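Survey of secondary and tertiary structure
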Amino acid sequence: MQNMNLRDRLMQADMENPDTPASPSAPCVDWRDMGESEHFVQFYEDDAFLVGAVSGFIGAGLDAGSHAVVIATQVHRDAIDRRLRACGLDSAALQAHGRYRVLDAQETLAQFMRDGAPDEERFHACLGTLLASAARDQRGVRVFGEMVALLWAQGNPEAAIRLETLWNDLGRVHAFSLFCAYPMRDFRGEAHGKPLMHICQAHSRVIPAESYATASDADARLRSVALLQQKAVSLAAEVAERQHAESTAREQQSKLGMAVALAGLGIWEWDLDNDVLSCSAQCRAHLGLAPNAALSYAHFLECIHADDREAVQGALRTAIAAQSDCHIEFRVIGAGGHPRWIAAMGRCFRNGGYRMLGATLDVTERKQDAMLLERTVAERTARLQESIGELEALSYSISHDLRAPLRAMQGYAGILLEDCGARLDAEHHTYLQRIASAAGRMDLLIQDALALSRLVRMEPKAETVNLDRFVRDLLDTYPNLQPPHAHIVVDGPLPPVVGNEAALTQCLSNLLGNAVKFVAPGTPAEVHVWAERMADTCPGDQASMVRIFIRDNGIGISKETHEKIFSMFHRLNPDYEGTGMGLAIVKKAAERMGGRVGVESEPGRGSTFWLELRHASPPPPHSGGPHAAQKP
Amino acid sequence: MNWVLYAEDEANDIFFMQRAFGQAGLERSLLIVNDGDAAIAYLAGEGPYADRGQHPLPALVMLDLHMPRRSGFEVLKWIRHAPTVSGLPVVLISASDQEGDIRQASMLGASGYLVKPDKPAELLPVIRVFKNYWLSPDAPTDEIGNLTGYHNLMPPAEPA
């Protein structure tokens with residue numbers, strides 16, 4: 001030990017002092033070589049390293065007969081003192097002699113700090129005096145200070161940099177070398193990059209932290225630099241990546257939040273195992289819950305209108321049992337006691353434990369609209385029913401009461417002819433006949449009008465009609481459709497159709513009646529009836545329709561009037577009796593059966609009226625005989 | 001003598017009916033009341049109709065469908081539930097040939113349904129058939145099915 005110089009002893013001290021963990025001081029710095037007025041900064045990662053470095057710096061100075069000043073924390077002061085003594089320096093004697101001065105960093109700082117910044121005047125008063133006294137004998141002064149590190153650690157980098165500047169100013173007045181130290185841990189984070197540069201600029205020499213400083217030679221240092229560069233680049237890349245991901249996530253989050261807010265959606269999550277219900281502010285507002293109260297299923301149920309509670313519980317039970325989605329709507333008692341309608345959508349799933357996640361929405365307006373609509377529809381339907389009822393009563397009354405006087409007119413005219421015919425002359429006979437026929441025509445008008453109004457009101461039941469039998473029965477019923485009045489030939493069998501017997505009777509009796517009526521005087525009526533399968537108007541249809549044709553040898557109809565003849569009260573030919581409503585009845589009856597009517601005709605060449613109805617699929621073979629067998 | 005009770009409020013129709021009965025040789029057998037309540041009072045033998053010597057029970061009842069106070073349907077229903085007269089043949093007479101009315105008459109137990117003919121002369125054959133069918137004990141006829149505007153709704157009851 002005696003043979004060793006101080007530096008070597010200082011280097012070795014770690015091994016011998018059990019208080020200090022083994023950590024070599026910077027081998028790249030020879031503390032004896034320090035200039036007389038240097039201001040350098042040491043970054044360190046480990047306290048032991050710092051203590052070693054400071055002890056080397058101070059110890060070498062004291063050993064060389066210089067003055068030394070240590071302004072440090074209690075812990076560092078004690079550790080340095082131990083180290084100096086371990087190296088054979090009598091620190092107590094040196095202090096007593098005035099060559100070694102030890103100050104507390106915090107206390108010293110307090111002497112010149114004002115409003116969070118070092119005061120220049122006080123700084124000079126405090127430390128300028130001290131250094132002036134130490135520098136007086138020209139043997140050099142070494143100073144270690146960590147007040148800047150304290151300021152830095154307190155989060156006041158401006159004050160730290162300002163203090164470094166004040167030290168530099170002081171260095172221009174007095175010759176001393178100053179050792180500053182900053183723990184590397186206080187420089188984490190990118191924001192510290194710039195202040196670090198400022199600190200480095202404030203010093204004449206920078207000693208990097210031990211992971212670099214302890215490298216044994218230049219080569220190792222270069223490798224270390226390369227490694228650090230690689231680390232820096234990869235860290236920078238990683239940081240950028242994370243920042244990008246975070247900003248994307250933040251952006252998505254904010255977009256989602258905006259959409260949720262715009263939609264007025266409340267968000268909720270229910271941890272079933274622990275019965276903890278978490279609700280967003282909007283969700284709490286929907287349910288009428290206080291903003292911060294802890295929630296459970298019971299709290300949720302309490303919000304719900306008593307009448308809806310059971311249904312909600314049932315829906316939730318079902319969703320939980322099936323681990324599926326549910327959509328429920330219920331009432332809650334909102335502000336002012338008015339019930340609000342809330343829709344809740346939820347999904348039950350297992351993620352560790354059972355969970356349910358979902359959203360709520362205030363649907364009061366929609367509900368109210370729907371209820372209003374329902375009420376309006378009900379009211380209008382009732383009103384419509386009422387007017388239909390009134391219309392029915394009216395037409396019933398017409399059929400009974402309006403016809404009674406006509407019957408009387410016809411009756412008395414008839415009786416007069418019968419009883420007094422012999423006493424009346426020809427002219428009087430004509431008058432009486434005209435009264436009777438006018439009354440008869442009026443009666444027909446009333447009956448046709450009633451038939452039409454009945455067709456308009458009726459909901460015809462669609463049924464399969466055996467058209468062939470139907471037409472033959474019809475011909476048997478009406479004497480005017482039989483010889484010698486008319487010769488009607490039916491090309492059978494006619495296919496079955498979908499129709500309604502009452503409506504079909506109106507159609508065919510009118511069409512056949514017209515066919516035999518509108519013939520030239522003296523010409524016997526000849527009518528031909530047949531049917532063809534037709535394609536429907538919709539594309540791709542093969543032959544779903546049946547068109548029944550009724551061709552006559554009558555007077556015919558000019559093309560211009562083909563459309564008009566199906567409208568009400570359009571009597572084409574005043575020479576023929578009629579109410580002008582027959583074809584209107586035909587058209588209406590066809591439409592009520594889902595069919596249509598039409599005509600092909602030319603004056604003098606007869607007419608062909610047609611009625612188109614949907615074809616009825618024939619019944620299955622076992623349920624009925626062949627078609628021909630159904631004929632009468 | 002077989003009597004026929006005819007309930008009708010329309011004077012013209014009463015006149016035509018009386019004329020047809022006269023032409024059929026039954027001028028004295030037609031008893032007229034003018035509304036549904038009177039028809040029931042007559043058949044029950046109540047009030048002005050208490051004296052059966054003056055107001056004998058008829059062999060046939062003809063009811064206009066649309067009458068004041070009680071309709072033909074209501075009177076028919078009453079008849080079918082009145083033990084003394086429930087077996088009487090009852091024909092409903094109406095200007096309407098609506099299916100609903102005819103079905104209703106059948107359901108309530110009418111014996112027939114006559115649509116008032118446009119020409120009063122057409123009444124005569126109907127009354128002749130009625131005469132042969134319900135008013136003389138030994139008159140078989142199948143004419144009844146051929147009458148226009150007349151619907152034979154049920155097998156005729158045994159003549160009273």
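In what follows, the structure referred to is the one given above.
The paragraphs below set out a description of the structure included in this document. Predicted model only: the values in this text are computed from it and were never measured. (Residues numbered from 1 in each chain as written. Chains lettered and ligands numbered in written order. Predicted model: local features only at pLDDT ≥ 70, side-chain atom pairs only at ≥ 80, totals over all residues. Heavy atoms only, no water.)

**A short note on the overall build of chain B**
Looking only at helices and strands, chain B has five helices and six strands in total. Mapped in sequence order, the helices and strands of chain B form the string β-α-β-α-β-α-β-α-β-α-β. Looking at chain B residue by residue over its 160 residues, the buried ones come to 51%. Within chain B, contacts between residues at least 6 apart in sequence are counted, and of these 63% link residues at least 24 apart. (Helix = DSSP H or I, 4+ residues; strand = E, 2+ residues; numbered from the N terminus. Buried < 20%, exposed > 50% of the residue type's maximum accessible area, 1.4 Å probe, protein only. Contact = heavy atoms within 4.5 Å.)

**Topic: the interface of chain A and chain B**
Chain A puts 15 residues into the contact, and the matching count from chain B is 19 residues. On the surface where chain A and chain B come into contact, there are three salt bridges. Between Asp13 of chain B and Arg407 of chain A there is a salt bridge; the shortest N-O distance is 2.9 Å. Counting every contact that joins chain A to chain B gives five residue pairs in polar contact (both at pLDDT 80 or more). Of all elements in the fold, only helix H15 (364–420) and helix H16 (426–457) of chain A reach the threshold of two or more residues within the side of chain A that touches chain B. When residues of the side of chain A that touches chain B are assigned to their parent elements, the largest contribution, 13 residues, is made by H15 of chain A. Looking at side-chain class alone, the side of chain A that touches chain B contains five nonpolar, four polar and six charged residues. (Salt bridge = Lys/Arg side-chain N within 4 Å of Asp/Glu carboxyl O. Polar contact = N/O pair within 3.5 Å; in protein donor to acceptor, adjacent residues only side chain to side chain. Nonpolar A, V, L, I, M, F, W, Y, C, P; charged D, E, K, R; others polar.)

**Points about the packing of aromatic side chains**
Residues and elements named next belong to chain A. One pass over the full model with this rule turns up 18 aromatic pairs over all chains. Seen in terms of ring centroids, Phe40 and Phe179 are 4.8 Å apart; in terms of plane orientation they differ by 65°. Their pairing is edge-to-face. Highlighted residues: Phe40 in strand S1 (residues 39–44) and Phe179 in strand S7 (residues 177–183), separated in sequence by 139 residues. With respect to class, Phe40 is no different from Phe179; both count as buried. The interplanar angle of 85° and the centroid separation of 5.2 Å between the aromatic rings of Phe112 and Phe123 together place this pair among those described as edge-to-face. Here Phe112, found in helix H5 (residues 105–112), pairs with Phe123, found in helix H6 (residues 120–134); they are eleven residues apart in sequence, far enough to count as distant. Judged by its relative accessible area of 0%, Phe112 is buried. With a relative accessible area of 0%, Phe123 lands in the buried category. Three or more aromatic residues joined by ring pairs make a cluster, and in this case those are Phe40, Phe57, Phe144 and Phe179. The side chain of Lys367 reaches across the aromatic face of Trp341, ending 4.4 Å from its centre. (Phe/Tyr/Trp six-rings, centres within 6.5 Å; stacked < 30°, edge-to-face > 60°. Lys NZ or Arg CZ within 6 Å of the ring centre and 35° of its normal.)

**What to know about the nonpolar core**
Residues and elements named next belong to chain A. The biggest cluster of nonpolar side chains holds 44 residues, and the ones touching the most others in it are Ile488, Leu504, Leu508, Leu512 and Leu611. In terms of residue count, the dominant contributor to this core is helix H18 (residues 501–517) (eight residues). Filtering out sequence-adjacent residues up to four positions away, Leu504 remains in contact with Val465, Leu467, Phe470, Met593, Leu611 and Leu613. Ranked by size, the runner-up nonpolar core spans 36 residues in total, among them Ala105, Met113, Val143 and Ala209. (Core = buried A, V, L, I, M, F, W, Y, C linked by side-chain atoms within 4.5 Å.)

**Side note on the sheet that holds strand S10 (residues 276–279) of chain A**
The strands making up a sheet associate through hydrogen bonds between their backbones, and the pairing can be parallel or antiparallel. Residue and element names in this part refer to chain A. The five strands are arranged S10-S9-S13-S12-S11 in an open sheet whose pairing can be described as antiparallel. Sheet topology places S10 and strand S11 (325–333) at the edges, where each strand pairs with a single neighbour. In this sheet, adjacent strand axes meet at a mean angle of 25° when their direction is disregarded. Sheet analysis places strand S9 (residues 266–271) next to strand S13 (residues 353–362), joined by six bridges and oriented antiparallel. When the bridges of S13 are listed, Glu269 appears paired with Leu357. Against the sheet, helix H14 (residues 306–322) touches S9, S11, strand S12 (339–351) and S13, its axis set at about 160° to S11. (Pairing = 2+ DSSP bridges. Axes fitted to C-alpha atoms, helices over the stretch in contact; angles between N-to-C directions.)

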